[in-house]
Amino acid sequence: MSDVTIKRALLSVSDKTGLAELGKALAARSVELVSTGGTAKALRDAGLTVMDVSELTGFPEMMDGRVKTLHPTVHGGLLAVRDNPEHAAAMAEHQIGAIDLVVVNLYPFEATVAKGAERDEVIENIDIGGPSMVRSAAKNHHFVTILTDPADYATLMAELSASDGKTTLTFRRAMAAKAYAATAAYDSAISQWFASVDQQHHFPPVLTSAHKLVTTLRYGENPHQAAALYVPARPLVSGLPQAQQVQGKELSYNNYNDANAALELIAEFANAGPTVVIVKHANPCGVASGATLLDAWQGALACDSVSAFGGIVAVNRPLDGPTANAICEIFTEVVVAPGADNAAREAFAGKKNLRLLLVDTLPPADRENLITVPIAGGLLVQDRDNGHVMRDMLKVVTKRAPTDQELADCLFAWTVAKHVKSNAIVYAKDGVTAGIGAGQMNRRDSSRIAVVKAREAAETHGWTEARTVGSAVASDAFFPFADGLMAAVEAGATCVIQPGGSIRDEDVIKAADEAGLAMVFTGMRHFRH
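These numbers were taken from a predicted model, which means no experiment stands behind them. (Residues numbered from 1 in each chain as written. Predicted model: local features only at pLDDT ≥ 70, side-chain atom pairs only at ≥ 80, totals over all residues. Heavy atoms only, no water.)

Q: Would you explain the overall build of the protein in this entry?
A: Along the protein, the regular secondary structure elements total 19 helices and 23 strands. Its C-alpha radius of gyration of 31 Å places the protein more than 25% over the 24 Å reference for a compact globule of 529 residues. Projected onto its principal axes, the C-alpha coordinates of the protein cover approximately 95 × 55 × 40 Å. Counting across all 529 residues of the protein, residues that qualify as buried make up 48%. Residue pairs in contact within the protein that sit at least 24 positions apart in sequence constitute 56% of those at least 6 positions apart. Carbon and sulfur atoms make up 52% of the accessible area of the protein, which amounts to about 25200 Å² in all. Of the side chains in the protein, 47 bear a positive and 59 a negative charge, and the two mean positions are spaced by 3 Å. (Helix = DSSP H or I, 4+ residues; strand = E, 2+ residues; numbered from the N terminus. Rg over C-alpha atoms; globule rule 2.2 N^0.38 Å. Buried < 20%, exposed > 50% of the residue type's maximum accessible area, 1.4 Å probe, protein only. Contact = heavy atoms within 4.5 Å. Areas by Shrake-Rupley, 256 points an atom, 1.4 Å probe, with all protein chains shown as cover. Lys, Arg positive; Asp, Glu negative; His and termini not counted. Charge placed at Lys NZ, Arg CZ, Asp CG, Glu CD.)

As structure tokens, then:
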């Protein structure tokens, strides 16, 4: 059997969207409607004739509605294999009628949690009968149609119209797959809630998650790789998937990845003065704070204008016209901002391929969540790196203590270094990055690359000296040898911020003292792979 005629439908939904219209369309096809509680009332209010489940089963609802559909008459009508003689005989013997269509969406568990409900209310919103019916109907999809999403009602009615009141096996298979995904996501949400409120395990014995497909992307990192965007079933924070795309081409996999790196870094400066971040291949190539966004843009761009070409820009303030016009002077892939005025939008409108993404708020930089990385045969899981250091947490280890300005530059460089691929070296002066070295296999090479970029910037802009002169330098991990430090000395840095903790710390401190540097230890590192 392929096509199945819908003669009886069981409807039990929390989300009443489109219910009355669906009920009327089914009734117009002489489909018998069976329902429960509030769903039955909503259908009757729409003028429809409805049989209560209790009338079908001959058994009343009880225990505040906890027990109503958990009955052999219901599940026999769902699970019976219609062309199996033994099943057919059992249905006849026990007067079990077939149920051809089930329309169920589950108790609003996630919404109940999201509104901050007390534990007892959350528990009461764990649906039992609903998932049982969904799973029974989906299992027997050769004969039963299951709908769990109001968005599919129109497709169902189109099926019935095209097939004279019948559904196709292809449709039923698709709806069954969607149904099991829905119950899996539901159980995952419940599991995560128990893990979060009971806090028995920082890492639960079984890690579950559920994500919904938003869209497929043109391709992945490379054209031969397929890619897609998913969002959590219940997002805990807003980000790029929730942003408003004002203009520009479809975002690619790399656009999302790079723009997220920019968003995560600019979030560190949510409460700072006007700040601009420029990212290329998930690494910041220029970061600056200034009196205005335009000042900040000019400072960030000057750090590495070569890498900024084709980059991603993120700002911590709504964009204004002058800043937008300046950004438009170079090729930019994506701009992320918490708003943009009309002048800024007008400026970007002339760059039809530039994507402008507006976020409601910047994500909290100190939020807690788990980060997962697939590996062959497993999954690595760790806490998100939300570590921060304040001035009073820094330990001065050199004879010379840093000045207030050096300390400010140290903390600025340290914040940026947290978002640079290891090994990471960041020079900063007056709230502007002067040179960034990223992703090298040793710290000395990262130091040298940062200095080379700073010198190139000085040549490009006709400065008398590189901005590393008089700067602070941050290292995401300790200097294992003094050679990396000496590269900073040669670049003209006057202060160093690093985690410390090397067995050669004394050698590095001695080298800093001999060079007249001030150096502070954070006691915290920021590897980023």
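Q: Please explain the sheet that holds strand β3 (residues 32–35) as it appears in this structure.
A: Across a sheet, strands are paired by hydrogen bonds formed along the backbone, either parallel or antiparallel in direction. Here we have 5 strands laid out as an open sheet, ordered β4-β3-β2-β5-β6, and parallel in their pairing. If you trace the sheet from one side to the other, it starts and ends with β4 (51–52) and β6 (145–147), each paired once. Along the sheet, helix α2 (residues 37–45) contacts β2 (8–13), β3 and β4; its crossing angle with β2, the most-contacted strand, is approximately 115 degrees. Where helix α8 (residues 129–139) meets the sheet, its contacts fall on β2, β5 (101–105) and β6, and the angle it forms with β5 comes to roughly 145 degrees. (Pairing = 2+ DSSP bridges. Axes fitted to C-alpha atoms, helices over the stretch in contact; angles between N-to-C directions.)

Q: Sorry if this is basic, but what is going on with the pattern of salt bridges here?
A: Within this structure, the stated rule accounts for 15 salt bridges. With its nearest N and O atoms 3.1 Å apart, the salt bridge here joins arginine 44 to aspartate 52. Residue arginine 44 is classed as partly exposed on the basis of its relative accessible area, which comes to 36%. Judged by its relative accessible area of 28%, aspartate 52 falls in the partly exposed class. One salt bridge connects aspartate 476 with arginine 443, and the closest N-O pair in it is separated by 2.5 Å. Here aspartate 476 is found in the loop between β21 (472–475) and α18 (482–491), whereas its partner arginine 443 is found in helix α17 (residues 443–461), with 33 residues between them in sequence. As far as the burial class goes, aspartate 476 and arginine 443 line up, both buried. (Salt bridge = Lys/Arg side-chain N within 4 Å of Asp/Glu carboxyl O.)

Q: Any chance you could explain helix α5 (residues 85–93) here in plain terms?
A: Along an α-helix, a turn takes 3.6 residues, which lines up residues three or four apart on a common side. Capping the start of α5, asparagine 84 holds a side-chain oxygen 2.9 Å from the backbone nitrogen of glutamate 86, two or three residues further along. Positive backbone phi, at 55 degrees, marks glutamine 95, one or two positions downstream of α5. (Polar contact = N/O pair within 3.5 Å; in protein donor to acceptor, adjacent residues only side chain to side chain.)

Q: So what exactly am I meant to see when it comes to the packing of helix α1 (residues 19–28) against helix α9 (residues 153–162) here?
A: For any two helices packed against each other, the geometry comes down to the angle between their axes and how far apart the axes lie. Across the interface, α1 lies against α9 with an axial gap of 11 Å and an inter-helix angle of 10 degrees. Taken as axis vectors, α1 and α9 run roughly parallel relative to one another. From α1, Leu19, Leu22, Ala25 and Leu26 reach across to α9, where they touch Tyr153, Leu156, Met157 and Leu160. Of the residues contributing to the contact of α1 with α9, the split by class is 8 nonpolar, no polar and no charged. (Parallel < 35°, antiparallel > 145°, perpendicular 65-115°, else oblique. Nonpolar A, V, L, I, M, F, W, Y, C, P; charged D, E, K, R; others polar.)

Q: Before we go on, may I ask you to explain the environment of glycine 248 in this structure?
A: Among the secondary structure elements, glycine 248 is positioned in the loop between β10 (244–247) and α11 (253–267). According to the relative accessible area criterion, glycine 248 is partly exposed, its value standing at 33%. When near neighbours in sequence (up to four residues on either side) are disregarded, glycine 248 contacts Lys352, Asn353, Leu354 and Arg355.

Q: What should I look at first to understand the nonpolar core in this one?
A: In summary, soluble globular proteins display a tendency toward joint burial of nonpolar side chains. Leu11, Leu26, Phe109 and Ile146 are the most contacted members of the largest nonpolar core, which has 51 residues in total. It is helix α10 (residues 169–198) that provides the largest number of residues to this core, a total of 8 residues. If we ignore the near neighbours within four places in the chain, the residues touching isoleucine 146 are Val102, Val134, Ala137, Ala138, Met175, Ala176 and Ala179. Counting 48 residues, the second-largest nonpolar core is a separate cluster that includes Tyr256, Ala267, Ala282 and Cys410. (Core = buried A, V, L, I, M, F, W, Y, C linked by side-chain atoms within 4.5 Å.)

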